[in-house]
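# Geometric and topological summary
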Amino acid sequence: MPLALLALAIGAFGIGTTEFVIMGLLPEVAGDFGVSIPTAGFLVTGYALGVVFGAPLMTVLGTKISRKRMLMLLMGLFIVGNLLSALAPAFAVMLIGRVVASLAHGAFFGIGSVVAADLVAPDKKAGAIAMMFTGLTVANVVGVPVGTLVGQSVGWRVTFGIVAALGVVGLLGVAKLVPEIPRAEGVRLRHELAAFKNAQVLLAMAMTVLGFGGVFAAITYITPMMTHVTGFADGSVTWLLVLFGLGMVGGNLIGGRYADRALMPMLYVSLGALAIVLAFFTLTAHHKALAAVTIALIGALGFATVPPLQKRVLDQAQGAPTLASAVNIGAFNLGNALSAWLGGLVISAGYGYTAPSWVGAALAAAALLLAFLSAALERRDSTLSTVVTQTDSADQRAAVHQ
């Protein structure tokens with residue numbers, strides 16, 4: 001694999017760390033600024049919304065410059081946002097810093113996916129995308145636990161300072177290792193927007209929202225589920241999340257490897273298995289060992305869908321994939337927000353802390369149905385194309401004989 005993928009993975013590691021580490025530091029941040037925990041939660045919500053809206057915005061703004069330069073500018077924005085968070089004199093300033101950092105998130109992964117795919121042979125594109133996303137998954141195993149520990153021990157500002165330093169390393173890596181890849185000739189913003197007229201692109205994004213939403217329906221409420229239902233101590237949740245992160249790492253690499261061989265079958269297997277595992281989580285959550293294994297499986301199956309879904313969007317938006325790729329990253333975060341809201345609704349309705357897993361199973365099953373629909377439409381279009389081609393050929397032969 002090209003060394004440029006390492007630079008992209010380092011950037012992804014920093015972005016993944018800053019996205020999730022705040023969840024473990026909310027009490028410390030809230031205490032320092034004198035705000036409530038729910039108010040401090042806007043640092044999570046604001047980041048997620050920044051990803052959703054920032055992905056298309058930053059990608060559109062970057063259509064006039066090279067992808068390498070845009071990646072460097074995005075890492076610069078990421079550094080500024082995290083420094084602003086680390087030095088924030090007031091809660092509002094930190095919220096601004098979080099939003100600034102989030103604006104780089106979707107566009108970096110979206111443009112980075114296109115660059116990663118362009119660096120390798122056609123039959124290795126999903127694997128290359130997976131290598132970049134490995135940085136994000138490893139962040140959940142290493143960056144988030146270490147960042148949380150540092151923040152709780154010596155101060156949350158130090159954590160965000162370290163994340164900003166990671167951004168500097170990522171920026172230097174992109175500048176040094178990522179080659180200048182020329183954009184396709186004649187591609188304009190209208191061509192990028194035209195990709196959204198393709199039903200297959202929209203179906204892939206819907207699968208992203210529902211499939212990954214299924215993961216976060218359960219994982220968002222993992223702490224109360226594990227402590228109140230399974231019987232784990234509060235301190236055990238950290239290593240359970242590490243198990244989830246390890247599952248993400250493995251699933252991401254497997255998804256990338258097999259998506260290059262058989263993309264749609266990989267989606268069928270991962271989405272179908274995810275729906276089943278999430279449904280069984282309502283039962284295994286009552287047993288410590290089984291719950292731990294299930295959490296790792298949810299991470300693995302959930303992230304096994306990421307490389308194939310991202311490659312699916314790139315394939316279907318061929319010729320002008322940058323904006324569609326970035327918007328699909330926003331779709332992951334939209335799925336997170338939607339599933340967290342739905343999971344909260346069923347808990348508030350009195351169905352218990354395991355109920356969000358049923359929500360997740362339903363979302364994953366819906367994504368699987370969309371995958372079957374997408375494949376059926378593709379087969380229909382292919383058949384129609386073949387019929388049209390054969391008809392044209394027959395007409396041409398008839399004209400020659402005449």
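Residues numbered from 1 in each chain as written. Predicted model: local features only at pLDDT ≥ 70, side-chain atom pairs only at ≥ 80, totals over all residues. Heavy atoms only, no water.

## Observations concerning the layout of surface pockets
For the largest pocket, the calculated volume is near 1,200 Å³. Around the largest pocket sit 36 residues that line it, and Phe20, Met23, Gly24, Ile219 and Thr220 are the ones nearest its centre. Counting only elements with at least two residues in the lining of the largest pocket, the list comes to helix H1 (4–33), helix H3 (42–61), helix H6 (125–154), helix H9 (199–219), helix H10 (222–230), helix H11 (237–259) and helix H15 (322–348). With seven residues, H3 is the largest single contributor of residues to the lining of the largest pocket. Classifying every residue of the lining of the largest pocket by side-chain character gives 22 nonpolar, 11 polar and three charged. (1 Å grid on protein atoms, 1.4 Å probe; cavity = no way out; pocket = protein on both sides within 12 Å on 5 of 7 lines; lining within 4 Å. Points joined across faces, edges and corners; volume = space filled by probe spheres on them. Helix = DSSP H or I, 4+ residues; strand = E, 2+ residues; numbered from the N terminus. Nonpolar A, V, L, I, M, F, W, Y, C, P; charged D, E, K, R; others polar.)

## Re empty space enclosed by the protein
Applying the stated criterion across every chain, the model contains two cavities of 30 Å³ or more. Along its surface, the largest cavity is lined by 16 residues, and Glu19, Leu136, Phe212, Phe303 and Phe332 are the ones closest to its centre. Secondary structure elements with two or more residues in the lining of the largest cavity: H1, helix H5 (91–118), H6, H9 and H15. Here the residues of the lining of the largest cavity sort into 11 nonpolar, four polar and one charged.

## Remarks on the side chain of Thr294
Mapping Thr294 onto the fold places it in helix H13 (residues 288–303). Within polar-contact distance, the side chain of Thr294 engages the backbone oxygen of Leu290 at 2.7 Å. Beyond its immediate sequence surroundings of up to four residues, Thr294 is in contact with Val277, Phe281 and Thr284. (Polar contact = N/O pair within 3.5 Å; in protein donor to acceptor, adjacent residues only side chain to side chain. Contact = heavy atoms within 4.5 Å.)

## Observations regarding H15
Helical geometry note: an α-helix holds 3.6 residues per turn, so side chains three or four residues apart project in the same direction. A rise of 1.5 Å per residue sets the reference length of H15, with its 27 residues, at 39 Å; its end C-alpha atoms lie 40 Å apart and thus fit the reference within 8%. Just beyond H15, the residue with positive phi is Gly350, at close to 95 degrees. (Expected span 1.5 Å × (residues − 1).)

## Section: the packing of H1 against H6
Running from amino to carboxyl end, H1 crosses H6 at an angle of 35 degrees, the nearest separation of the two axes being 6 Å. Considering how the two elements wind past one another, H1 and H6 form a crossing that is right-handed. Taken together, the residues that form the contact of H1 with H6 break down as 16 nonpolar, 10 polar and two charged. (Axes fitted to C-alpha atoms, helices over the stretch in contact; angles between N-to-C directions. Left-handed = near helix turned anticlockwise from the far one by under 90°.)

## Focus: the environment of Ser36
Mapped onto the elements of the fold, Ser36 is located in the loop between H1 and helix H2 (37–40). Classification of Ser36 as partly exposed rests on a relative accessible area of 35%. Through-space distance from the C-alpha of Ser36 to that of Leu26 is 9.4 Å; in sequence the pair is 10 residues apart. At a separation of 2.9 Å, a polar atom in the side chain of Ser36 contacts the side chain of Thr39. (Buried < 20%, exposed > 50% of the residue type's maximum accessible area, 1.4 Å probe, protein only.)

## Focus on the environment of Val99
Tracing the chain through its elements places Val99 in helix H5. Judged by relative accessible area, which is 30%, Val99 ranks as partly exposed. Considered as a pair, Val99 and Asn82 are 17 residues apart in the sequence and their alpha carbons are 9.7 Å apart.

## Notes on the pattern of salt bridges
The final tally for this structure, using the stated rule, is three salt bridges. Residues Lys311 and Asp315 are paired through a salt bridge, measuring 2.9 Å at the closest nitrogen-oxygen approach. Of this pair, Lys311 and Asp315 both sit in helix H14 (residues 306–316), four residues apart, roughly one helical turn. Close ionic contact of Glu378 with Arg312 constitutes a salt bridge, the shortest N to O distance being 3.3 Å. One end of the pair, Glu378, is in helix H16 (residues 355–401); the other, Arg312, is in helix H14, and 66 residues separate them in sequence. (Salt bridge = Lys/Arg side-chain N within 4 Å of Asp/Glu carboxyl O.)

## A look at the packing of aromatic side chains
Enumeration over the complete set of coordinates arrives at 11 aromatic pairs. Judged by centre distance (6.3 Å) and plane angle (15 degrees), the rings of Phe20 and Phe216 are stacked. Of this pair, Phe20 sits in helix H1 while Phe216 sits in helix H9, placing them 196 residues apart in sequence. Of the two residues, Phe20 and Phe216, both sit in the buried class. Between the aromatic rings of Phe212 and Phe332, the centroid separation amounts to 5.2 Å while the plane-to-plane angle is 90 degrees, which identifies the pairing as edge-to-face. Placement of the pair is Phe212 in helix H9 and Phe332 in helix H15, with a sequence separation of 120 residues. Among the aromatic residues, ring-to-ring pairing joins Phe20, Phe212, Phe216, Phe303 and Phe332 into one connected group. (Phe/Tyr/Trp six-rings, centres within 6.5 Å; stacked < 30°, edge-to-face > 60°.)

## As for the side chain of Arg312
Take Arg312: its relative accessible area is 5%, and that puts it in the buried class. Apart from residues no more than four positions distant in its own chain, Arg312 is found in contact with Gln200, Ala204, Leu263, Met264, Ser374 and Glu378.

## Digging into the nonpolar core
Leu8, Leu74, Phe109, Phe133, Met226, Phe281 and Ile298 are the most contacted members of the largest nonpolar core, which totals 67 residues. Among the elements that make up this core, the one with the highest residue count is H5 (10 residues). Each residue touching Phe281, except ones within four places of it in the same chain, is listed here: Ala218, Ile222, Met225, Met226, Ala291, Thr294, Ile295, Ile298 and Ser357. Leu210, Met264, Val313 and Ala375 belong to the second largest nonpolar core, which has 25 residues in total. (Core = buried A, V, L, I, M, F, W, Y, C linked by side-chain atoms within 4.5 Å.)

Nothing here speaks to function; it is geometry throughout.
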